[in-house]
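For reference, the chains in residue letters:
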Amino acid sequence: MKGAKWLVVWGALGWITGSVAQAQSEKIVFTGAGRSWLHHDRVAGALLDSSEVDGGWMPGDTVTPRRVMAGVALFDLGVIARPDRATEIVAVTRVTSTLDGFWGQGVGFQVRELYARGVIGGRIRYRVGDLDLRLTPYTLWNGNGDLGNRLPDLWRVWSDWVDYDRFQRDGFWRQQGLDVDAVLSSRFLDELAVRGALTKQRTTDYFFQPDRLLGLAELKGQRGLWNGGYRMVSLFDVAPTAQFSTAAASSTVHSFDVQRKPSGAGRWTLGAEAGFSQTRFVDMAGAPDPGRDGFVEAWGRWTARDTTGVWRGVSWTIEARRVGTGFRSPGAQSRRTDWAANSSEWGFYTNQERVRPLTTVDLLQDPGVYRPTLSMGLQAYNPVFRNAMPYGAATPNRQGIAVAMRRDRPTELFSFSELRLDWATELAGQGIANLRNMAVLDGYTRLKLDRLFGGKRPFAWDLHLHAERTERAGLTGLGEGMEGLGAIDWKQAWFAGGFNWQFQRDLGLQFSLLTLRAQGTEYLAQRDVFDRIIDYRRHTADLQERVLAAGLNYRFTDSIRLDLQYRALFRNDALLAAYDYQWSQWSLLYTLFF
Amino acid sequence: MRHCGWRRLLGAAGGLLLAASGAWGQASPTGDAPTASGAALPPAQGLPAPGHQVSRLPGGLTIGGYYRFWGWNRALEQPFRVLTDNAFANTPPRVLGVGDVYRDPPIMSMNLALRPGGGASLGMDWAMYGHFLGIPGTVPYNLNLGVNFYGSVPTRHFLLGFQLGGIHWTELSGMTLASFPGYERYSLIERWPWEGIGSSMDRGAYFFERGTINRDARWARQAFKGAVIDLSELPGGLEARVLWGKTPATALFENPLERYTAGGRLRKAFNPRSYAGVNHIQHVGYADVQAANRSRVELWTLDGMWSDGDGELAFEGGVGHYETTENPTPWGGALRVRAKAPRRWWGVPVELEFFRLSPRFVNYFANFFSPNAQALGTEAVLAGVAGGGATAFGGSLTDVGQIQNNRIGFNVNAWFEPGPNFKWNLGWSSSRELESGGNRLSMGHKINGLQLSRFVPFTQNLGPYRRWNSFYRGVSEDVFITDLDPATGLPATLTSFNMVQLHLKQRLGHESKHPALLNYVLSAGSVADRWTPVPIFDSSAYLRAHYHELDAMVRWNESVDLSFFGGWEQIRGNHQLNNLYYLDGNGVTRGARLEPGAAFVGSGLQGTAIPGASYAGAAYAAEGSVHQNAWHWGAGVDIRISNQAGLYIRHHWFQQQDQNFTEDRIAGTETSVELKIFF
């Protein structure tokens, strides 16, 4: 056959040989999840008491319930219909029922997932409806979790549920639209894959706000040890969908990457990715001219091939990157955490019913503080949690290097460890000419202490530390009152540690300590609707959050567990002590996936 | 393939794509590196797993339920006067409806049970409606009991079972969490919404043989949401149950403030029919967000039962109180002892019961009424009434065995079987207040109670005299003692209550092609200012009530049963009861006795007249106190469509009139058609 030759790759072949094969005889398959959460909360601390602040009298919070008892039960029932070997329809409904609702009160129904997928002619794979899309950390990546995913087992039952609930696991963005891909080959390449997707981010109000779509195209090729590709991701408005406005915005990223796998005896994997973005605003009053900026990243990974010896299971990675100040990539820079959201548990406080700032436990427990949509501009972030690279690898106005080490020996005491150091600096000063310098340390280890005692009763410790420091010299030589202006010294540290001791066959004792510490001064950019910096807000903090938690868990199966947990959050702000509080919670949690 | 957890499959897909798109280190700054076990992930083939799907259900999914069409046609000779501000009022002269006025039962109940393995299971029931409201295609649906989770954990020393999530029908002991099971003296004509397939003769035969009818799990239990934890197979024959969650009295929708019901029991079984245990329940709530003012109802009891299969001795006793932080009350005691003499002693089984319950021994959800259950506030009491457990009304004239707190008394029951086709039993109760509980009395309507309750469900103080209280499938009315001690405003003497019930069951043509059954219940009770061992039948009693209920049913052929029924009810008050209703300063219905025809205005009574009232008994005093006559009669046809389907038709003619309170004048018909299909 001349030219490209279509191959059957993922489609029918996968269906025949993959895990789905077992279910072929089943035209209807059920799947889903269930969860029952019963909790009792108590709140105490200075927040609730009258106090003196700056010489003034501040009345205590008379609105916040001191004691709360609530709960919810929910059931996701999914139906997977397979009318033939090349077609599949998935529909998942959710039913929720609150503890305080009797006789039908507090019951909610939702369609949680709905999509169809299949293979056309054994060559083209499609999926329409709910999609999970991901490309690279510079183009389309849902990677902005603020607490990372290195958590003690006690908290995994919460964070896993949040990820499940929000469809945000492993960097995927949940989208609604159409995704089509196919794989070709040619005489020049071993494999050539093409892909296209179009999803809807926002629907029109029919008057002034147009539809907003996300489109992507990908072309990947492989030849021998080399592979690489081109990607384009665009978030754009379709102006004609709004009757009374011609305004539209678009942001497009083009990216090229190349990787080389290790040769026969080689140990190095090399890769690079580079690209640029274009941002345009049409018929929008006061809009800037189209912007364009780029990024480039190169990395190398050394993987030990030893099966014994000191380097066994070890790999090293070194990276260097440069991301321009005007580089905009909505798919990679959009943040999942909505810092303006109010938590579903105790969302407001003070007599003015202000939104209570989100804490570590809110981020861990509450799916409602995460948003599923992409943003055209850079969204606000909380420097207490992440400051050096708040938009992940695609954080604009950064250049730097990173060194990472990973050691994976599942059967040993130190069963898994990783350490990463990032050094970065700005490309352009913000507000003043001086540049920020940033350092990030991220370390994690999993200790299997049971290895010391024969390994019969798993006793695993998870220890994770993430620390950041941001510095910038202030202005000098400008006279009294201006001296030191703009200086930044911001320190942040997040520690998550704990153990899981499975002292009976299915019964485990768990403990966890989480601490979040932020201290110093930072200037946060204030942006207009076109993402231009219009001001800087001086932000000072001396904040500490500590979460102590303990629990028992019983595992019915690998995916069904019952947890009884107690946790206490201590939030202390040295600069605003009147808002200090302690929030304790008993939880009885039953989580079931099937 | 052993089906693994969804995390693993997702991790597999994620790790694979990650590996394909770049170095693991790329994700590290944001903490999204692949899992530690990522190196062992399987290769990609075929379609990626559907979002978060893990495995094929291992054959543990079952779906069942029923469809129940219930249509009705009510025709009143004139509309009944109800509160104009009650959104649920349902008393136009003609009603053509589908579905009961109560939330339950749904038109269709579909129950799903899921057993994914490991001793875990899940259940959920869809409650689907469709009351022919003219909105086809947009009828909302709901859950009935909700999403329920179950699990059992076997250990070396005991078996741990738990229930979480939605509503569970559960119990502890009679006085802590249960409902009165009754002595099964009632008319069989009305079917309960939750009953299974069974025509009237099927039910009648079962009733004749066993003295009861088939009921679902809720019978004698209470609705509870939260955690129910059972420890069984403990050493020494012990078993334990712990509850923590919500009952209707402690569930205030969209109010997260701490309100809960908690309790438990520890029980030792001596043999399958004998046990002893300790029980506890408390209903707790707070009236303020600062959780400074706590309201609590708390009970501790000991209970036990010994039985040799024929004779039986059972008891429960304990202490309880209700309190608020600002108003603590002392503990009050309660004791209930029941002995059933075996048939061999006197030829018939005879049961004697003694009870004494302090007015401070209060519970919303128990086998006794608590007319003074105000500890958790009005909402809690209303919820308790709605749940069928508590009463918000006054000292009640109740069936034999249905006791109340603030009473001392006894119940006697005896069952006779003079022949294979004839059974009868007798119940007798007598009790007296321990303290004067107020001047309000309540009496129920047995004859037309179900029909009247459909006028306005779950509402208090309704009707032209604001004296009706509507509860689940029943209505009661309030009257007031006016012969009061001027110093206390309470009746001068303690009030006594008596009730006698006679129940006859006659089977006819048992072996013939047309078997038949007669079922008759007489209930006669009185309330008086002095204690007497038997009901008072003259006007020296505050209140007298007689109820006669007669059912006759016959099997016409293999598919059709016919039934006929009639009932008569007389309620009389004496000169010590009110002949005028009005509202006090708090808007609560009160009663007074004035000279007949005397107007409320100018009477000197503190309060206001019932709004809009221009009639006797409200605007001015009636000729006398309550003087009611009620009757009904009707016929029914039950058709067996199949083993899983039945059709049930009923037609009632009914009337209720009060000679003195003339606005209570109800007459009409009600026809109902029920189609029930199980699947």
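Parameters and conventions
Residues numbered from 1 in each chain as written. Chains lettered and ligands numbered in written order. Predicted model: local features only at pLDDT ≥ 70, side-chain atom pairs only at ≥ 80, totals over all residues. Helix = DSSP H or I, 4+ residues; strand = E, 2+ residues; numbered from the N terminus. Buried ≥ 20, exposed ≤ 12 C-beta atoms within 10 Å, placed from the backbone. Contact = placed C-beta atoms within 7 Å. Rg over C-alpha atoms; globule rule 2.2 N^0.38 Å. Expected span 1.5 Å × (residues − 1). Pairing = 2+ DSSP bridges. Core = buried A, V, L, I, M, F, W, Y, C linked by C-beta atoms within 7 Å. Arc of directions from axis to C-beta. pLDDT = per-residue confidence, 0-100.

Moving on, we get to the overall build of chain B. Each helix and strand counted, chain B has 5 helices and 33 strands in total. For chain B, with 679 residues in total, the buried portion stands at 47%. For chain B, the share of sequence-separated contacts (at least 6 apart) that also reach a separation of at least 24 residues comes to 63%.

Next up on the list: the overall build of chain A. Secondary structure assignment for chain A yields 4 helices and 27 strands. Over its C-alpha atoms chain A spans a radius of gyration of 26 Å, differing by no more than 12% from the 25 Å that the globule rule assigns to 594 residues. Viewed in the frame of its principal axes, chain A has a C-alpha envelope of about 85 × 65 × 65 Å. The long-range share in chain A, meaning contacts at least 24 apart out of those at least 6 apart in sequence, stands at 62%.

Attention shifts here to helix H2 (residues 153-166) of chain A. All names here are of chain A. If you check H2, its first and last C-alpha atoms are 20 Å apart, about what 14 residues at 1.5 Å a residue would give, namely 20 Å. Those residues of H2 that fall on the buried side of the exposure criterion are Asp 153, Leu 154, Trp 155, Val 157, Trp 158, Val 162, Asp 163 and Tyr 164. At the exit of H2 stands Phe 167, carrying a positive phi of roughly 55°.

All names here are of chain A. Position of Val 92 among the secondary structure elements: in strand S6 (residues 87-98). Between the alpha carbons of Val 92 and Ser 277 there is a distance of 37 Å; along the sequence they are 185 residues apart. When sequence neighbours within four positions are dropped, the list of residues in contact with Val 92 reads Gly 32, Asp 76, Leu 77, Gly 78, Arg 112 and Glu 113.

Time to look at the pairing of strand S26 (residues 516-528) of chain B. Residues and elements named next belong to chain B. The pairing of strand S25 (residues 496-508) with S26 spans 13 bridges and is classified as antiparallel. Note on S26: the bridge partner recorded for Leu 504 is Tyr 520. Strand direction decides the pairing type here: S26 and strand S27 (residues 543-555), joined by 12 bridges, are antiparallel. For Asn 519, the partnering residue across the bridge sits in S27 and is Asp 551.

On to unusual backbone geometry, then. Residues and elements named next belong to chain B. Unlike most non-glycine residues, Asn 406 shows phi in positive territory, near 60°. Within the secondary structure layout, Asn 406 lies in the loop between strand S18 (403-404) and strand S19 (407-419). The backbone of Asn 461 shows a phi angle near 55°, a positive value even though the residue is not glycine. Positionally, Asn 461 belongs in strand S22 (residues 460-462).

Now for the nonpolar core. Core analysis: the largest hydrophobic core is formed by 113 residues, its most contacted members being A:Phe75, A:Val95, A:Leu140, A:Leu592 and B:Leu164. Other than its neighbours up to four places away in sequence, A:Val95 contacts A:Leu74, A:Phe75, A:Val107, A:Phe109, B:Met124, B:Leu143 and B:Val147.

Residue and element names in this part refer to chain B. Here helix H2 (residues 200-210) has its buried residues at Ser 200, Met 201, Arg 203, Gly 204, Phe 207 and Phe 208. Summarising the axial view, the buried residues of H2 lie within an arc of 155°, below the 170-degree limit, and thus occupy one face. Across from the buried face of H2, at angles greater than 90 degrees, the exposed residues are Glu 209 and Arg 210. The inward-facing, buried residues of H2 abut strand S20 (422-433), S25, S26, S27, strand S28 (560-573) and strand S31 (627-642).

Next up on the list: the pairing of S19(B). All names here are of chain B. Note: strand S15 (residues 350-357) against S19, 8 bridges, orientation antiparallel. Across the sheet, Leu 352 pairs through a bridge with Val 412, a residue of S19. Between S19 and S20, which pair antiparallel in sequence order, lie 2 residues.

We now examine the environment of A:Ala577. Residues and elements named next belong to chain A. Note on placement: Ala 577 falls in the loop between strand S26 (560-573) and strand S27 (581-593). When the 14 C-beta atoms within 10 Å are taken as the criterion, Ala 577 is described as partly exposed. Along the primary structure Ala 577 and Thr 373 are separated by 204 residues, whereas in three dimensions their C-alpha atoms are 36 Å apart.

A residue-level look at chain A finds 95% of positions with pLDDT of 70 or above and a mean pLDDT of 90. Note that pLDDT drops below 50 for residues 1-24 of chain A; the model gives that stretch 48 contacts with residues more than four away or on any other chain.

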